Amino acid sequence: MMSTRSPILIAPSILSADFGRLAEDVEAAEEAGADWIHVDVMDGHFVPNITIGPGVTEAVRKATSLPVDVHLMIQNPERYVQAFVDAGAHRITVHQEVCPHLHRVLEGIREAGASPGVALNPSTPVESLSEVVQLVDLILVMTVNPGFGGQSFIETSPEKLRRLMALLEVRGDGHLPHIQVDGGVGPGTAPSVVRAGADVLVAGSALYKAPEGLARAMEKLRAAAGGARRVSA
């Protein structure tokens, strides 16, 4: 059996922040108790949206002492790894779907000085990671189809997380990466993904768009996640 991890980590996504006051929104997330700051990078090719690059990542790095968690939803991510590391990324996650040489890309992220992660789209089976799980510090299970914030949570996601935890147990080498979820995460969905194995919750709209404000929304999300016991694989 693999040991549980506690506490659950919360990574606010700046995709839902006000870019006109980005530094203030990042600082507010840190003051509210965020654990990481999540940066979504999209290229308009792999996903149907264009967002930010290393320059904004550098601005985030300067605005916070928290780890900067960069999610590259782009084609040919290996071309940009060093630029994001130089901009201050602590963690870089790439998508399995765009990396025909995934092993090489993950090793390149670590060699560049960042912690490597791999992401799966909702339709990508967890078994596709069986040969690389030992190389990553984080696995991101997308709980919406990537591209835009504010989408509805895919209800079959907890079952996919359970399959991922089973895959990790089968390996039996004691290596348990962070299990991150992103998309439609809020107080209503956090308990189910935590029980299924997630320990890092990425939330955008549920925090930055919450009518009660960021600080109160963070409290509610953490309370919901804390009320669910993360199961071992």
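Here the structure is shown first, and the text comes after it.
The rules behind the values
Residues numbered from 1 in each chain as written. Predicted model: local features only at pLDDT ≥ 70, side-chain atom pairs only at ≥ 80, totals over all residues. Heavy atoms only, no water. Buried < 20%, exposed > 50% of the residue type's maximum accessible area, 1.4 Å probe, protein only. Helix = DSSP H or I, 4+ residues; strand = E, 2+ residues; numbered from the N terminus. Pairing = 2+ DSSP bridges. Right-handed = clockwise from strand over helix to strand, strands pointing away. Salt bridge = Lys/Arg side-chain N within 4 Å of Asp/Glu carboxyl O. Axes fitted to C-alpha atoms, helices over the stretch in contact; angles between N-to-C directions. Contact = heavy atoms within 4.5 Å.

In terms of residue burial, strand β3 (residues 68-73) counts as a mostly covered element, since 6 of its 6 residues are buried. Where burial is concerned, the two faces of β3 agree: the one with V68, V70 and L72 and the one with D69, H71 and M73 are both buried. Sheet topology places strand β2 (residues 37-42) next to β3; 6 bridges connect them, and they run parallel. Pairing of V39 across the sheet is with V70, part of β3. Read as a crossover between parallel neighbours, the route from β2 over helix α2 (residues 54-63) to β3 is right-handed. Relative to strand β4 (residues 91-95), β3 runs parallel, the two sharing 4 bridges. Opposite H71, over in β4, you have T93 as the bridge partner. Between the parallel elements β3 and β4, the chain passes through helix α3 (residues 81-87) in a crossover that is right-handed.

With the rule as written, the count across this model stands at 7 salt bridges. The residue R222 makes a salt bridge to D35 at a minimum N-O spacing of 3.0 Å. Placement of R222 in helix α8 (residues 214-226) and of D35 in the loop between α1 (22-31) and β2 is noted, with a sequence separation of 187 residues between them. Relative accessible area serves as the criterion here: at 22%, D35 is assigned to the partly exposed category. Of the charged contacts, one joins E212 and K220 as a salt bridge, the two residues approaching to 3.1 Å between their closest N and O atoms.

Taken together, the 8 strands give an open sheet; going across it, the order is β1-β8-β7-β6-β5-β4-β3-β2, and neighbouring strands pair in parallel fashion. Edge positions in the open sheet fall to β1 (9-12) and β2, since each of these has one partner strand only. Adjacent strand axes in the sheet meet at a mean angle of 25° when their direction is disregarded. With 5 bridges connecting them, strand β6 (residues 138-142) and strand β7 (residues 178-182) associate as parallel partners. Within β7, the residue paired with L138 across the bridge is H178. Lying on the sheet, α2 is in contact with β2 and β3; it crosses β3 at an angle near 165°.

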